[in-house]
2 protein chains.
Amino acid sequence: MDLAMNDQNVARARFSGNTHQPIKRRELIDVAMGKTPAETVIQGGRLVNVATAEIYPADVAIKGGRIAAVGDVAYTKGPNTRTIDATGRFITPGLVEGHLHQYHSYLGVTEFVEALLSHGVTATADAFYGPGIVAGVPAVRFFKEAFERMPMRLIFLVPTLSWLQNRELGLTPTPGVDAEELKEILGWDSCYGLEEPPYLPVVEHFPEFLDLFDETLRQRKVITGHAAGITWQQLQAYAAVGVTTDHESVEANDALAKARAGMTLLMRQGSGCFDVPEVVRTHTEFGIDPRMLAFCADLASPEKLTTEGTIDHAIRVAIAHGVAPVRAIQMATINTAEVFYAQRDFGIVAPGRFADLVLVSNLRDFAIDTVIFGGTEVFKQGKFLIELPKTEYPAFLRGTVKLPHRITADELTFKVDKGRRDIEVRVIGVTEGSLETDERRAHLPTADGTVPADVDRDVLLLAMIDRFGKGTGTGLGFVQGFRLRDGAIASTANAVCENIVIVGTNPTDMAVAANHLASLGGGKVVVRGGKVFASVGLPICGLLAEEPMEDVMAKFSRAFEAIAELGCPLKNPFSQLEFCFACGEIGNIKLSEEGLLLIHPQPHKVDVVVA
Amino acid sequence: MDLAMNDQNVARARFSGNTHQPIKRRELIDVAMGKTPAETVIQGGRLVNVATAEIYPADVAIKGGRIAAVGDVAYTKGPNTRTIDATGRFITPGLVEGHLHQYHSYLGVTEFVEALLSHGVTATADAFYGPGIVAGVPAVRFFKEAFERMPMRLIFLVPTLSWLQNRELGLTPTPGVDAEELKEILGWDSCYGLEEPPYLPVVEHFPEFLDLFDETLRQRKVITGHAAGITWQQLQAYAAVGVTTDHESVEANDALAKARAGMTLLMRQGSGCFDVPEVVRTHTEFGIDPRMLAFCADLASPEKLTTEGTIDHAIRVAIAHGVAPVRAIQMATINTAEVFYAQRDFGIVAPGRFADLVLVSNLRDFAIDTVIFGGTEVFKQGKFLIELPKTEYPAFLRGTVKLPHRITADELTFKVDKGRRDIEVRVIGVTEGSLETDERRAHLPTADGTVPADVDRDVLLLAMIDRFGKGTGTGLGFVQGFRLRDGAIASTANAVCENIVIVGTNPTDMAVAANHLASLGGGKVVVRGGKVFASVGLPICGLLAEEPMEDVMAKFSRAFEAIAELGCPLKNPFSQLEFCFACGEIGNIKLSEEGLLLIHPQPHKVDVVVA
């Protein structure tokens, strides 16, 4: 993207970037009353008023980054008032992202914000749970403050998963964030509530969570939910504990039950999740009040972020599936803001709110023409008009891949009694397009007391290595679905344990992969013939790149090509590496560094087995 | 009303009455999951789901005063589960009152709650600003705690008018509540925000208010508005300072401008205010999203409270004026709850919320069949099934009418130089059906250095006496519109100064009225021929009765008859006595204890004159 330097604008964007900075309401009064001129007036456009669901001509007067008046505001123009011409365009609020993890994009803060902004998103919810798992409260605070320097409203949430992580399955956690620290973070002024404490552990296991819920509600903050695969009774229980959103609906009847239970449906349209067409049926077919519908991406790859976008894309998808444009824009703005009790600050175009706006020529295409943040045009017709602040990462976020010693092929070798000729093992089954796993079985021949991969039958080796010096060691298992013919692939960014996960055809290449990741400080690697074939360095917490977006995307492209060359047909091999084996409540067979996990949902129970 | 004694129910209603008591979420989980039975199940009804705007058959399982599950909840029934039969009826959330002053009803806490409950209102917003003016923070705290013992959710707000009171017009305030105390009250856990800081003083005069606004928003609380008679530019400024509701719209275009500025319209249908038919036109004719509309009564006499009701009546009026029943019920429940960020606790029928419900047989009539509070039937087919807790008032709320000495006729006599034969005076004009006043003039003959009332031309004497020992004395003036032929009427409950106000035909009867009010500890009095002709004792703060509702209403009836006998044709003479002369921003000519006030709105300026 073309970056036009403009120091004055940069300074203004940085200043307005802090959502929680006290505002000068007296200045807004004076502009509204015609006593002092507006800094900026946006004129000639048609306003999409998402409060009233109307569209009508209206101009917008701005002062100090906030809106002073909306309507016929010619009287607010002085000799130094800048004007932004919106003739022929619609003015909508900046789009609001209800649930998206920056760290799952691998992009640094600046690069991530740049991608969102260029698609009209000016507010985003995040808790930085990955960095929290790796480096605790200081990491969470660092990312929060880094976002607050950006032209982006951060809807900061408590990273409950930074505490839950391995605890959910009874495994040894990283130091991460402890339960007392969750309460401390909740009390931060600019915290809006809790990020997705999942149903099962909350309700079945951890009384700490119910205390945290009470405190959250006492502070008038919100409990966002994660109601994947729960029964109707569990849904009632989940609503009863105070959860008022969910982003996991994939089927309209299931979504309807959640909306009826008072949960706003954050319809997911992200990388690997395409729920909008189905979930909008609750409105377009079942006729429910659209106030209960909003959007999120949850997960978004750099490619998705920069090409089709996130919330703007969700608007287009919703309209294509029968939602009226004004309703779709409400779902992308006020409905999300109201979930977080933030309508006073953003999500509508009205006096007192941040001057975060989007101009589009056509509501159905919803192609972003101009993005205005805090009253400043930051992006226009494909180009940035400001330079975003660079993000400097501190030392404590680096060097987080801590191996006790150089990993050897021997320790990644699956061993059996030398006398055995074969063995039946459990195999974790991976399927294209799904983050679920299924339990399969395979008879494998042994070789001198070891069990090699069976490349022809696609039974590959799988390893998870503790990278936090916890002393929990390395777990080994077998996997089917990657279809590598050669080499190994590995990653340090794996929800929600963030250990090293490796899939390979042989222990030697797998050991090379592990040691290379340690030398990078984390990332993704593809190894072939004992050599690094492609890699993406993610040196920040072992989760995030600090290179420009284009470079990160180029390295990912190269890695995907390399994986394909090794024979793997999966479209998102790294996503499946990240979500299929690490801990969490998706699937019933998992690999941990402590062994293979067999997860029984009802009643919830986890067995740790060798194979 | 018939009060059926039932100690067990009384105890339960008292327990559940505290909105902010920690709830036992674990118990709700266990009921939702079928592990323990529900306490109560409401079965056979059709649910009005105000979140989704749907109506469908659903049962409701209740435990510990909250809802555990909604839908097919047969599995939650155990041998000891009570059932409430809702066959043939609709289940709606308990109605939510968005803005209503208990003290303007003159009723004690118990009697007021009884009246609201019998009409389906289970949550009400109040700040107790009148008691706050008279007796400060301890009074506000007393009323808050008294409500919290009742089967009523209190949406407690900061009584900004307890501070503003006489300050608004530059007069000597009562001790009331000081600015620091407003902040202290705001910080109370169960406080939802600020009650109606009016536009002009906030924006033009008092920087204290902007600080309070910032702190309110920081605490994620709400600033409710009072945007009477303001210009479009003032409206922009008012929204810009963070105000998100208004209850003062009387005209549809004016209301539209407020909704467009992000303010929820609390449409008023109270005693003397009948705004719903006009303001719903924003939805029924202009087509705005009904999410911006809700209801309130603001002021309600005992008669209105007990006969036509408040929010239930507003629903009926809205439906009669073209609003779909489900939308009208949303306006009476979820829309109001969302204003206060309280949807997690009330305003919808969903798990986790208080089991505050209304059963009605017909949505158009919306005649209340049964009222359920905290899972207990409290009112059914015209009868209370519980006895409400009595309210015991402490000594510091009594004896608040503090006169420096016995008032004499001489000091209520308007005097001029003995040599003058006549005088031109300003006369405050009062008009039937309006709380506004207009400035008139009259030439009056003098008599031995005094100016008597001119009963034939309806120019009567008017006095306001400091009753707080402030030393501000007594103001005298003239009034037209009451048409008393004889005697005097007087009151100690007068928004927003709460002084003694007297209208009379002669100083002798007026002095009798003042002294009788002091002996009562406050109230309303009608005097004729030097004797008390009728009176209503309001011994609590000089504002509230402590007698049963029927007795209060009987005394008011008698007083109204007495006033009519004196020749006054006004329908609500006490309302006009209360609102036409005391301080506040309504009208441009007022009487204060410091003299006659001439109020210039633009720029805002107050002159104090003799006559």
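A brief report on the enclosed structure follows. (Residues numbered from 1 in each chain as written. Chains lettered and ligands numbered in written order. Predicted model: local features only at pLDDT ≥ 70, side-chain atom pairs only at ≥ 80, totals over all residues. Heavy atoms only, no water.)

**Observations regarding the overall build of chain A**
Argument step 1. Counting its regular elements, chain A contains 19 helices and 31 strands.
Argument step 2. Taken over C-alpha atoms, the radius of gyration comes to 25 Å for chain A, in line with the 25 Å a tight globule of 611 residues would show.
Argument step 3. Counting only C-alpha atoms and orienting by the principal axes, one finds that chain A spans roughly 90 × 50 × 45 Å.
Argument step 4. Within chain A, buried positions represent 66% of all 611 residues.
Argument step 5. Per element, the accessible surface of chain A, about 19,200 Å² overall, is 50% carbon and sulfur.
Argument step 6. Averaging the locations of the 58 positively and 76 negatively charged side chains of chain A gives two centres separated by 3 Å. (Helix = DSSP H or I, 4+ residues; strand = E, 2+ residues; numbered from the N terminus. Rg over C-alpha atoms; globule rule 2.2 N^0.38 Å. Buried < 20%, exposed > 50% of the residue type's maximum accessible area, 1.4 Å probe, protein only. Areas by Shrake-Rupley, 256 points an atom, 1.4 Å probe, with all protein chains shown as cover. Lys, Arg positive; Asp, Glu negative; His and termini not counted. Charge placed at Lys NZ, Arg CZ, Asp CG, Glu CD.)

**Focus: the sheet that holds strand β17 (residues 357-360) of chain A**
Argument step 1. In spatial order, the strands read β3-β2-β7-β17-β18-β19-β20 (chain A); together these seven strands make up an open sheet with mixed pairing. Of all strands in the sheet, those bounded by a partner on one side alone are β3 (54-57) and β20 (383-384) of chain A. (Pairing = 2+ DSSP bridges.)

**Section: the nonpolar core**
Argument step 1. Formed by 380 residues in total, the largest nonpolar core has its most connected members in A:Phe482, A:Phe581, B:Phe482 and B:Phe581.
Argument step 2. Counting residues in each nonpolar core, the second largest holds 28 residues, with A:Ala125, A:Leu157, B:Ala127 and B:Phe340 among its members. (Core = buried A, V, L, I, M, F, W, Y, C linked by side-chain atoms within 4.5 Å.)

**Brief notes about the pattern of salt bridges**
Argument step 1. Following the criterion strictly, the structure yields 77 salt bridges over all chains and no others.
Argument step 2. Note that A:Arg260 is salt-bridged to B:Glu54, the shortest N-O span being 2.9 Å. Pair noted here: A:Arg260 is in helix α10 (residues 252-260) and B:Glu54 is in strand β3 (residues 54-57), and the two residues belong to different chains.
Argument step 3. Relative accessible area serves as the criterion here: at 11%, B:Glu54 is assigned to the buried category.
Argument step 4. Here B:Glu248 ties to B:Arg268 by a salt bridge, and the two come within 3.2 Å at their closest N and O atoms. Residue B:Glu248 is located in the loop between β13 (245-246) and α10 (252-260), and its partner B:Arg268 is located in strand β14 (residues 264-270); the two are separated by 20 residues in the primary sequence. (Salt bridge = Lys/Arg side-chain N within 4 Å of Asp/Glu carboxyl O.)

**Section: the packing of helix α3 (residues 109-117) of chain A against helix α4 (residues 129-148) of chain A**
Axes are the key here: two packed helices are described by the angle between their axes and the distance separating the axes.
Residues and elements named next belong to chain A.
Argument step 1. Interaxial distance between α3 and α4 falls to 10 Å at its minimum, and their mutual angle equals 45 degrees. As the angle between them shows, α3 and α4 are arranged oblique. Seen along the crossing, α3 lies across α4 with a hand that is right-handed. The residues of α4 that touch α3, namely those facing Val109, Phe112 and Val113, are Phe143, Ala146 and Phe147.
Argument step 2. Split into classes, the residues belonging to the contact of α3 with α4 amount to six nonpolar, no polar and no charged. (Axes fitted to C-alpha atoms, helices over the stretch in contact; angles between N-to-C directions. Parallel < 35°, antiparallel > 145°, perpendicular 65-115°, else oblique. Left-handed = near helix turned anticlockwise from the far one by under 90°. Contact = heavy atoms within 4.5 Å. Nonpolar A, V, L, I, M, F, W, Y, C, P; charged D, E, K, R; others polar.)

**What about unusual backbone geometry?**
Argument step 1. Between A:Ala495 and the following residue, A:Val496, the backbone shows a cis peptide bond with an omega angle of -5 degrees.
Argument step 2. Of note, the phi angle at B:Tyr106 is positive, near 65 degrees, even though the residue is not glycine.
Argument step 3. Locating B:Tyr106 in the fold gives a position in the loop between β8 (95-97) and α3 (109-117).
Argument step 4. Judged by its relative accessible area of 8%, B:Tyr106 falls in the buried class.
Argument step 5. Even without being glycine, B:Gln381 reaches a positive phi, approximately 45 degrees.
Argument step 6. By secondary structure assignment, the location of B:Gln381 is in the loop between β19 (376-380) and β20 (383-384).

**A few points about the relation of the copies chain B and chain A**
Argument step 1. The operation relating chain B to chain A is a screw motion whose rotation component is 180 degrees, with 0.0 Å of axial translation and a residual RMSD of 0.1 Å. Seen this way, the second copy is the image of the first under a two-fold rotation axis.
Argument step 2. A high fraction, 100%, of the interface residues of chain B reappear at the interface in chain A, so the copies pair face to face through one surface. (Least-squares fit on C-alpha atoms with pLDDT ≥ 70 in both.)

**Overview of the interface of chain B and chain A**
Accessible area lost when the parts come together is the quantity often used to give the size of an interface.
Argument step 1. Listed as interface residues are 75 residues of chain B and, on the opposing side, 76 residues of chain A.
Argument step 2. With both sides pooled, the region where chain B packs onto chain A buries about 5,800 Å², and carbon together with sulfur makes up 49% of that total.
Argument step 3. On the chain B side of the interface with chain A, the three residues burying the most area are B:Arg220, B:Arg260 and B:Arg291, jointly 14% of the side's total.
Argument step 4. Where chain B packs against chain A, one counts ten salt bridges.
Argument step 5. With a shortest N-O distance of 2.8 Å, A:Arg327 and B:Asp289 are connected by a salt bridge.
Argument step 6. With seven residues, helix α9 (residues 232-240) of chain B is the single largest residue contributor to the side of chain B that touches chain A. (Buried area = accessible area lost by both parts, 1.4 Å probe.)

**Quick notes on the side chain of A:His104**
Residue and element names in this part refer to chain A.
Argument step 1. With respect to the helices, strands and loops of the structure, His104 is situated in the loop between β8 (95-97) and α3.
Argument step 2. Looking at His104, the relative accessible area reads 7%, which means it is buried.
Argument step 3. Among residues more than four places away in sequence, those in contact with His104 are Tyr129, Leu299, Ala300, Ala495, Glu578 and Phe579.

**What to know about the packing of aromatic side chains**
All names here are of chain B.
Argument step 1. Scanning all chains against the criterion turns up 45 aromatic pairs over all chains.
Argument step 2. With centroids separated by 6.0 Å and ring planes inclined at 70 degrees, the aromatic side chains of Phe112 and Phe147 adopt a geometry described as edge-to-face. A residue pair is termed long-range when its members are at least 10 positions apart, and Phe112 in helix α3 and Phe147 in helix α4 (residues 129-148) qualify at 35 residues. Taken as a pair, Phe112 and Phe147 share a single burial class, namely buried.
Argument step 3. Judged by centre distance (5.2 Å) and plane angle (40 degrees), the rings of Phe128 and Phe147 are tilted. (Phe/Tyr/Trp six-rings, centres within 6.5 Å; stacked < 30°, edge-to-face > 60°.)

**Some details on the sheet that holds strand β29 (residues 589-592) of chain A**
All names here are of chain A.
Argument step 1. If you walk across this open sheet you meet the three strands as β29-β30-β31, and the pairing is antiparallel. Each edge of the open sheet is held by one strand with a lone partner, namely β29 and β31 (605-609). Going from strand to strand, the sheet's axes swing by 30 degrees on average, the running direction of each strand aside.
Argument step 2. Here β29 pairs with strand β30 (residues 595-600) via four bridges, running antiparallel.

**A closer look at helix α14 (residues 311-320) of chain B**
Because an α-helix completes one turn every 3.6 residues, residues spaced three or four positions apart along the sequence face the same direction.
Argument step 1. Burial runs high along α14(B): eight of the ten residues are buried.
Argument step 2. Among the residues making up α14(B), those that are buried are B:Ile311, B:Asp312, B:His313, B:Ala314, B:Ile315, B:Val317, B:Ala318 and B:Ile319.

**Describing the packing of helix α8 (residues 207-218) of chain A against helix α2 (residues 25-32) of chain B**
Argument step 1. Contact geometry for α8(A) and α2(B): axes closest at 10 Å, N-to-C directions at 115 degrees. As far as their axial angle goes, α2(B) and α8(A) are roughly perpendicular. Within the contact between the two elements, α8(A) uses A:Leu210, A:Asp214 and A:Leu217 and α2(B) uses B:Arg25, B:Arg26 and B:Ile29.
Argument step 2. For the contact of α8(A) with α2(B), the class distribution of residues is three nonpolar, no polar and three charged.

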